[in-house]
Amino acid sequence: MAAIETEKQRGRYAALAIAAVVIVLGIPLWWKTTETYRAWLPFSQINELDSLQLQLSVEVEVVLSRGTLSPEQQKKVPLSQTREQEHQIDAKTVLRYRYETKYRTATIMEEDALNQPSAQEADLSLHMLSESACGSVVVYIIPETSTLLPADVKVYVGQRRTALLRAALFEGTAGLKEVLSTLEPQVKQVVDTMSFSHQDILAALSDRIRVGQVSKESLADSMRAIKSSPGYEITFSLLNPDPKSHSLHWDIEGAVNSYIQPLLDKLNPIANFSVDSQILYYAVLGVNPRFDNSVSAYTLNADSLAHVINPVEARLGSNAASSNPVLNFLLYVPDAQHSPLFIRDHSKREIPSNAFHSPRWGGIMVYNVNDMYGPEAEFPVDINISMSKVMGVFLAQLRLMLGVQKTQPPPGFVLQSAGSEGLADWELDRLMWSRSVENIATASTTITSLAQLLDQISNIVINDNIAQQVSSAVTSLQAAVAELEAGNLAFALQYSREAILASERAFFDPSLLHLLYFPDDQKFAIYIPLFLPMCVPIVLSLLKIANEIRQRRADKLAKKD
Amino acid sequence: MAAVGVFALAALVLSCKCDSVEKPSDATGAGTGSEAERSGPAAASAGSEAPGGGAGAAVSLPDSCEEELLIRPLHSGDIYASFQFRTLWDTDFLHQGKKVSHYRLFPKSLGQVLSKFSVRELHISFTQGYWRTMQWGQPIVPSPPGAELWVWFHNTVADVDGNWKELTNVLSGIFCASLNFIDSTNTVQPSASFKPLGLGNATDHRFLRYATLPREIVCTENLTPWKKLLPCGSKAGLAVLMKSEKLFHSSFHSQAVHIRPVCKDWQCSSTAWELRQTLNVVFDLYTSGQGKKEWSLFKMFSRTLTEACPLASSSKVYVDVTDNPEGELFDLSPATSVLNTAVVLGDRRTYSVYDLTQKETFGQLRSLNLVLRWKGESGDMLRPLLHAERYVAGFGLQTGEIHTLIYNNHPYRAFPVLLLDSVPWYLRLYIHTLTVTSKTRENKPSYIHYQPSKDRLRPHLLEMLVQLPPHSVTEVTVQFERALLKWTEYTPDPNHGFYVGSSVISALVPSVVAMDTNNTQERPLFSSFFPTKEESSYFVRVYTEPLLVNLPTPDFSMPYNVICLTCTVVAVGYGSFYNLLTRTFQVEEPSQPLAKRLANVIRRIRGVPLL
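Residues numbered from 1 in each chain as written. Chains lettered and ligands numbered in written order. Predicted model: local features only at pLDDT ≥ 70, side-chain atom pairs only at ≥ 80, totals over all residues. Heavy atoms only, no water.

(A) Just empty space enclosed by the protein, in detail. All names here are of chain B. Overall, the coordinates contain 12 cavities of 30 Å³ or more when judged by the stated rule. By volume, the second largest cavity amounts to about 150 Å³. Residue lining of the second largest cavity: 14 residues in total, with Leu345, Met515, Phe526, Ser527 and Phe530 positioned closest to the centre. Classifying every residue of the lining of the second largest cavity by side-chain character gives 10 nonpolar, 3 polar and 1 charged. (1 Å grid on protein atoms, 1.4 Å probe; cavity = no way out; pocket = protein on both sides within 12 Å on 5 of 7 lines; lining within 4 Å. Points joined across faces, edges and corners; volume = space filled by probe spheres on them. Nonpolar A, V, L, I, M, F, W, Y, C, P; charged D, E, K, R; others polar.)

(B) Quick look at the state of the cysteines. All names here are of chain B. If you walk through the whole model with that rule in mind, you get 1 disulfide over all chains. The partner cysteine of Cys232 in its disulfide is Cys309, sulfur to sulfur 1.9 Å. Between Cys232 and Cys309, the S-S dihedral sits near 70°, and the bridge is therefore right-handed. Taken as a pair, Cys232 in the loop between α7 (220-228) and α8 (244-247) and Cys309 in the loop between α10 (297-301) and β10 (312-320) lie far apart in primary sequence, 77 residues in all. Note on Cys65: no disulfide assigned, nearest cysteine sulfur contributed by Cys309 at a separation of 5.2 Å. (Disulfide = S-S within 2.5 Å. Helix = DSSP H or I, 4+ residues; strand = E, 2+ residues; numbered from the N terminus.)

(C) Local environment of the UniProt feature "transmembrane region" (unreviewed entry) in chain A. Residues and elements named next belong to chain A. In the numbering used here, UniProt assigns the "transmembrane region" (unreviewed entry) feature to residues 12-31 and 524-543. Structurally, residues 12-31 comprises 100% helix and 0% strand, and the distance from its first C-alpha atom to its last is 27 Å. Taken as a whole, residues 524-543 contains 100% helix and 0% strand, while its terminal C-alpha atoms sit 24 Å from one another. (UniProt positions renumbered as here; feature names shortened; annotations may be inferred.)

(D) Region of interest: the interface of chain B and chain A. Taken together, the 40 residues of chain B in the interface contact 39 residues of chain A. Surface buried jointly by chain B and chain A totals about 3,500 Å² across both partners, of which 63% is contributed by carbon and sulfur atoms. Where chain B touches chain A, the interface holds 2 salt bridges. Notably, a salt bridge pairs Lys108 of chain B with Asp276 of chain A, separated by 3.8 Å at the nearest N-O pair. Our enumeration of links across chain B and chain A arrives at 14 residue pairs in polar contact (both at pLDDT 80 or more). At the level of elements, α4 (108-117), α6 (160-174) and α11 (558-582) of chain B are the ones that each hand at least two residues to the side of chain B that touches chain A. Here the side of chain B that touches chain A takes 12 residues from α11 of chain B, the largest share from any one element. Its residues placed into classes, the side of chain B that touches chain A shows 24 nonpolar, 8 polar and 8 charged. (Contact = heavy atoms within 4.5 Å. Buried area = accessible area lost by both parts, 1.4 Å probe. Salt bridge = Lys/Arg side-chain N within 4 Å of Asp/Glu carboxyl O. Polar contact = N/O pair within 3.5 Å; in protein donor to acceptor, adjacent residues only side chain to side chain.)

(E) Representation of the sheet that holds strand β18 (residues 427-438) of chain B. All names here are of chain B. Pairing in this open sheet of 5 strands is antiparallel, and the strands run β15-β16-β22-β18-β19 from one edge to the other. What marks the edges here is a single partner per strand, and that holds for β15 (386-393) and β19 (441-442). The pairing of β18 with β19 spans 2 bridges and is classified as antiparallel. Pairing of Thr437 across the sheet is with Glu442, part of β19. (Pairing = 2+ DSSP bridges.)

In structure tokens, the structure reads:
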């Protein structure tokens, strides 16, 4: 009897040992051999980025020129003030603006500069004196009596980062505090014009936040502008549907150099641009223009413009050498039978520029040549296209596409028209502010959605290079946010561009595509012939052992009783 | 020793280097600025035969284009139509620092590719069908079935393989073809067979990449992007004839793009870039036309010609009338008095020329529909001097033998040929079994370049210089073993077999008539594709058939069956093992032997005590 009992005991131990081997050795081994390689990702940092808390710091320097302060007021300057504004956009987005305003009196050299006869010259000589950092604003307060500005002008915004503000002379009775507090709203208005406004930043974030919060105009502006990208390809195409009658010549190289390139050079911190051009023959518009007897010309209505682009686009060809977004500018010369051709707007009026643009795609201009030759001309007619006319239109369209909006100045403001570059420093700053914010928002959205995707689908292999890209994107993002906070706009933009590049590379990495995906039901259908016969005896004997133990316990209790 | 010999020969065969153009980049750098030199190509391309042809010649422009259609009735009754479009551009894509970005006639997409990947020469062809040399003679532009791509990179390129990989992907997008399947397993660097066709004496084959995709199916989706590269698209000029439903209803269809630097003018003082687009079709009108041997442009293309491309400086149709000097064989209408003779592929041919830039070509109907009616039977075709065929011999799925037969039909001249074979790694060549025999005697190749394959990395490359005796067949055989592939490496239809690309035979064939070595003289485009260096011989490239080889193919449900079977076996083994280990064993009372039990039964009956 005892021998049988030991034998039973041995059987039980064997079953337990086998169960232990299966659980301790077998299951981990199976797990290890069938798992997919997933490199570590900084999920916690990504989650932090998901709730975007941006602080934008602007350095404002207010220079009080002679005659605006009384002597005892002057003694108390320099001093500095900090003003903060916080906007809770939604649960995940908080914007904080921080204006660090430094007040000081003008130096002698600056006084000299301000004594120039005109505001323009003053602006130039102030620029020669000191170059202000990217993103900062300098406001010179000039006395009411100054002759720099015409009588009805309150504020003059120069080509660089300086503005002249005319303020009433403060009588000695008021303290400096009161003086500055009366100045502050005016300075704020200037800074909002020259730096960023809340609406601009909201428009830059339009992908993240609900539409209702952004004003209609800035939303339209931001939807017209092409998405922020590290590089753009600008393609000028001359469409000549009728090479038999028109032999067209355009000096595109010279025109690009003299009209487009200065603007692009100026915009260099924002993105890399490459410009090319082509001539397409026998390229026609997608719609047939209608002949209007009243003006004896062909007309294209605003409603039909939507159908113009598609057939042409097939001929344009994509850029084979890069994957940056393309901005197309088409110059369409109507064929001799369909000339002249005019574009009409919704109210049936002819558009003076004879051009239109398509948001985020580019622009089309119709260039009529029928009045350049008489009826007796011998075909093909050699025609030289006047590039200044064409480039004026294209340049305006390009500015729209790039998001360089025409700022609507508040009343009493005079904006100095920009020089040969077509873009003032402060306009560039405005663009840089909104582009940095947009880049940060886009990159953080990309990274968070990638992290979410990888988190949800556990079968995707995450290679080391992806992990590396993700972490570099995260570090660049953090650096960009930190630089924004510190007010270093140029660095912030630089880091945000790096972040966007790294995040896109990670997101579009081809190795994420071949997902080792076997549905669970199929996997287990294959495993069942192994798992079922193995697990059933183990489970049954474990149950039996447990039953026996329970039985023995019950017996013991019964005995005790 | 042999290697030196072959390089000398290869240089002789293929490079058209003019001594005056040793420094093309310098010359072009100077040339772009000078107006006087700019007028060169326009004046030269306008030519003597087409005075004032088109708008291009009127103003001096740095680029020009020409178009041309050659129609040759073949002896088999088929019609061979060969389109050639050439765009010349006086620019330098490889110039350092200055980017070429303003395009006129040259397609922008190709220009961008050239400058981005520093391509010196690019040759790409898509072919459907096999060119039957024995029936049709030599083609104007040879091409193997499927897709072929060979590229010379500029010698400043550091990462040639990286550039090549990216280039194939970009070209795959441009031509809507599966060129992205080109990888290291089907790319080779031939040492002698593919020399640059344009200017420049590059001999360092590290900058050359050659790949074929014999399986590539060519269809309309490849033709459309190809037509888009033409300056006039398919809207005017000869390209209106290209209706895809007609072009692909043919025995042979081949379209190609060749880009190379060439001499700008006859003095060769500077270089220009040449884009040559060719399209070759063989129509089988004999069988589809109810046995009537007659053709017209309308019958072939279901279109007629009405105008030249207004951008082209020359636009011509050539019809080969060599066999019909007196008009006894066929009638060609409308008749033309303009005849042109050109030496093409070692043969002096006569062509009727129709110049589309002249108004009178189109007659009163304002359209040109060439019609050819046969009157008598044509004589036999001269056998082509060089042709080749190839097949796989052997049985079973383990080993096999590749036979390549090269025919020299010249009655008394021997000449050397370069044979290039690129065999995928899954056919393991036994290179020690390589034999070359002609006229039952061993023919020792004077140069052999062999690069063994690496599994899943690179193919075999075999190049040989073989001397072909006159009037002989030379047979090259090599045995191979079929490798077993991993189950994911099989194509979706593995039982169809695996393609092995064509062998390439490049040779200088002795010519019957003196070849025209003056490259710069005004000649039809089709006669100037391969530059000729010698008067006595001409260059041909012959492609053999691609091979279709069966590999041992598993049953693809096998992995699952194997998994299930093994699992069951393991489970059964495990079950008995488990039973053995966990069952309780008891000592059983030994039972009495049978004799004893029987005895006891009897004893019980008798009433005696039991044992």
